[in-house]
Amino acid sequence: MTVEVDAYLSKWLVQEPQAMSDAVKHSSESELPPIQVAPTQGKLLTIFAKLVQAKQILEIGTLGGYSGLWLAEALPEDGKLLTLEFAQKHANVALENFKRANQAHKVEIRVGAALDLLPAVENEFGRTFDLVFIDADKQSMPEYFEWALKLTRSGGLIISDNVVREGKILDKENTDPQLEGVRQFLQSAGKKQSTISTAIQTIGSKGHDGFAVTYVQ
Ligand code: SAH
Ligand code: DHB
Ligand code: MG
């Protein structure tokens, strides 16, 4: 029933813009995995970005640009979304989706392993991002979070996706590095000075998962 409820909420509240539906269609036709955020969560990203009056956003994990479109939607015309993606093919599909949505002027996609790209991002931009969305491989989530802390301005937000994984984070026997990454991230995020963090479970079209929200003081 949670899938139907998600569809109902999406129908009445989210009303996914055509550009986002087209991006999902194009991503699926290009055989990208269907692991983009749910529409309800995408719109929450827009709201978060608006709340911090985001002019500069960093995303780690572009895929086909679906979450990026929801983030770019909140940016002013001269705003910037810098999004990092390991797979050239995903970046190509995303670029086409940003172009079709008339958002490409706000977006820069950098291709490579995020941990290799982030030092240059810090050199170039410093602590200027209003919002960082962490949504790449889960193994490196603790490192991505450390980078996000260095790159997010005071008063900004860090959102981290997929922190529940159908509750598998509780299964001590399961030492999958992706799960270990999520666990380590959750344990360290709660202890960070000058931040306020929480996490919310999500259920619906993307199964049972969750996202963490960190306010940088
Ligand atoms: N944010 C997207 C979904 C991202 S899925 C959305 O909601 O629409 C995760 C993405 O992270 C995939 O495209 C994958 O190729 C990418 N990824 C995996 N490992 C990575 C790495 N080390 N550096 C950068 N991107 C990575
Ligand atoms: C998966 C889901 C995600 O939202 C993501 O960012 C990465 C992987 C997955 O279900 O495998
Ligand atoms: Mg995700």
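Computed from a predicted model, the values in this text were never measured in an experiment.

### Considerations on the packing of aromatic side chains
Each pair of aromatic rings is reported with the distance of its centres and the angle of its planes. Summed over all chains, the structure comprises four aromatic pairs. Considering the side-chain rings of Phe-125 and Phe-129, the 5.4 Å spacing of their centres and the 50° angle between planes classify their relative orientation as tilted. By relative accessible area, Phe-125 is classed as buried at 15%. Exposure remark for Phe-129: the relative accessible area of 0% places this residue in the buried category. Between Phe-145 and Phe-185, the ring centres sit 5.0 Å apart and the planes meet at 75°, which makes this aromatic pair edge-to-face.

### Here we look at the coordination of the magnesium ion (ligand 3)
Ligation of the magnesium ion (ligand 3) by protein atoms is provided by Asp-135 (OD), Asp-161 (OD) and Asn-162 (OD1), these donors lying 2.0 to 2.1 Å from the ion. Going along the chain, you hit the donors of the magnesium ion (ligand 3) in the pattern D-x25-D-N. Here Asp-135, found in the loop between β4 (129-134) and α7 (141-151), pairs with Asn-162, found in the loop between β5 (152-161) and α8 (177-189); they are 27 residues apart in sequence, far enough to count as distant. With respect to class, Asp-135 is no different from Asn-162; both count as buried.

### Brief notes about unusual backbone geometry
Positioned with a positive phi, Gln-53 is a non-glycine residue whose angle comes to about 45°. Tracing the chain through its elements places Gln-53 in the loop between α3 (39-51) and β1 (56-60). Not every positive phi belongs to a glycine, and Asn-162 is a case in point at roughly 65°.

Thresholds applied
- Residues numbered from 1 in each chain as written.
- Chains lettered and ligands numbered in written order.
- Predicted model: local features only at pLDDT ≥ 70, side-chain atom pairs only at ≥ 80, totals over all residues.
- Heavy atoms only, no water.
- Phe/Tyr/Trp six-rings, centres within 6.5 Å; stacked < 30°, edge-to-face > 60°.
- Buried < 20%, exposed > 50% of the residue type's maximum accessible area, 1.4 Å probe, protein only.
- Donors = N, O, S within 2.8 Å, 3.2 Å for Na, K, Ca; no water.
- Helix = DSSP H or I, 4+ residues; strand = E, 2+ residues; numbered from the N terminus.

Honestly, that's just the spatial picture; any functional story needs more than this.
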